[in-house]
Each structure stands twice: as C-alpha cells, then as structure tokens.
Amino acid sequence: MAPPRFQPKDGRFLAVVLLLIVLMLVYLVGVHWWFVAPQMQFATEMDDLREQQLRYRQTSAEKPAIEQRLAEVRAYEQGNQAFLSETDPNAASAALIQRLKQAMSDHAKDEKRCQTVSTQSYNAGEEELYKRVTVQARLRCDLEPLAAILYELENGKPYLFVDNVMIYKQQAYVPPGAKVTQSPLDVRFNLSGYLRQPGKTK
C-alpha cells in the first residue's frame, strides 16, 4: 500500500509558511507604510537639510573673500579704459566724432585731400552685453592718410571699432590736355564704442 501523499509535518510546514506570509502582509500594511516609510522619508529629508546647512555654512565662511573679490572687480571696471568715459549715448556720439576729427587732424596734412563729408549717430538696434554707440561717417580722403586714421582709431583707448567700410573711387571728367589728378576716395564706415552700461537684460 502506497504511503499517504501529505504527512502531518507537511501541514505544519505549510501552516508556518502561511503564518509568515500573513505576518509579512500585516507588517507591510499596518506597520511599514504607516510608521517605517514616513520615518525613512523624514531621515532622508533631514540628511538633505544637513547637506544644505553645511553648504550655507561654507558659503558664509567664504563671504569675506567673495566680497573682497567683488570689490576688486568693481575697482578694475572703474579703472578699465576700454569703455567710453561718457554715460550718455548722445555725449558718447559727440566724443566719437571728436576722436575722428582729431585723428584726421593728426594724419591729414592737406585738408583738401582728406575731409569729412558727414557724420551722424546710428542705432543698430541689436542688443549686446554692453550698450553700443555708433557713428556713421563719410570722408573724402586719400588712401595713405585714411589707413593711418583708421589704424589710430582702432588701436587707442577707449577701444573703438571700425566696420562696414565701403571705399569708392571717384571718377571725374578731365578735359583733353588738362593735368590728370587723382581724386580722393569716397569712404564710408561705422565707428563704434561701448558704454559702461548693460545693453541686454535677461
């Protein structure tokens, strides 16, 4: 005769397994989610707060050094000669025109061979990190003094920038038998500089 398939010890083992499963479910539903999980979340939040507090303490300890560095940067900016000294765009435009006239006076020996035709303020409309002031200039000038003038403008302080340069060779009627003379070049360009003011706000 074959022995029974299930023994009493098997029933006890199954009962123990079922009891463990029930206890685990009771723990998860009645203890873990109501008591253990919130405590673990609180512990995580406390760790984050401690890290933030540590960072704040470190930042506070570095505050004197940061303030000193900011003071050095401000002093450097105040002494920086790269910017135009004027604070008003109209005054800065007038200063740019005066710089151009001074450069022409320094390098143009013959005023008839290098003279200003027109100068006017120009607003490019493009936002940049610093406020840009631009003057559109038109000259009639020979090539040699023109090169010296542009070189002086772009290599002095405050920093000036010459762009959009257009040069036209003038054609003049010469009667037969008359002496041929080279006419001055028709030159147009933008002369720009920057104010010590923010030009673009975020």
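This is a predicted model, so every value here is computed, not measured. (Residues numbered from 1 in each chain as written. Predicted model: local features only at pLDDT ≥ 70, side-chain atom pairs only at ≥ 80, totals over all residues. Heavy atoms only, no water.)

Peer 1: Which residues make up the state of the cysteines, and what values do they have?
Peer 2: Applying the stated criterion to the full structure yields 1 disulfide. Each disulfide pairs two cysteine sulfurs, and for C114 the partner residue is C141, the sulfurs being separated by 2.1 Å. On the S-S bond that ties C114 to C141, the torsion sits near -90°, and the link is left-handed. Pair noted here: C114 is in strand β1 (residues 114-122) and C141 is in strand β2 (residues 130-141), with a separation of 27 residues, a long-range link. Each member of the pair, C114 as well as C141, carries the same accessibility label: buried. (Disulfide = S-S within 2.5 Å. Helix = DSSP H or I, 4+ residues; strand = E, 2+ residues; numbered from the N terminus. Buried < 20%, exposed > 50% of the residue type's maximum accessible area, 1.4 Å probe, protein only.)

Peer 1: Please set out the pairing of strand β4 (residues 185-198) residue by residue, giving values where relevant.
Peer 2: Counted residue by residue, β4 has 10 buried out of 14 residues, so it is predominantly covered. Here β2 pairs with β4 via 11 bridges, running antiparallel. Bridge pairing links R140 to D186 in β4. Strand direction decides the pairing type here: strand β3 (residues 161-168) and β4, joined by 6 bridges, are antiparallel. Residue M166 lies in a different strand from β4, and its bridge partner there is R188. (Pairing = 2+ DSSP bridges.)

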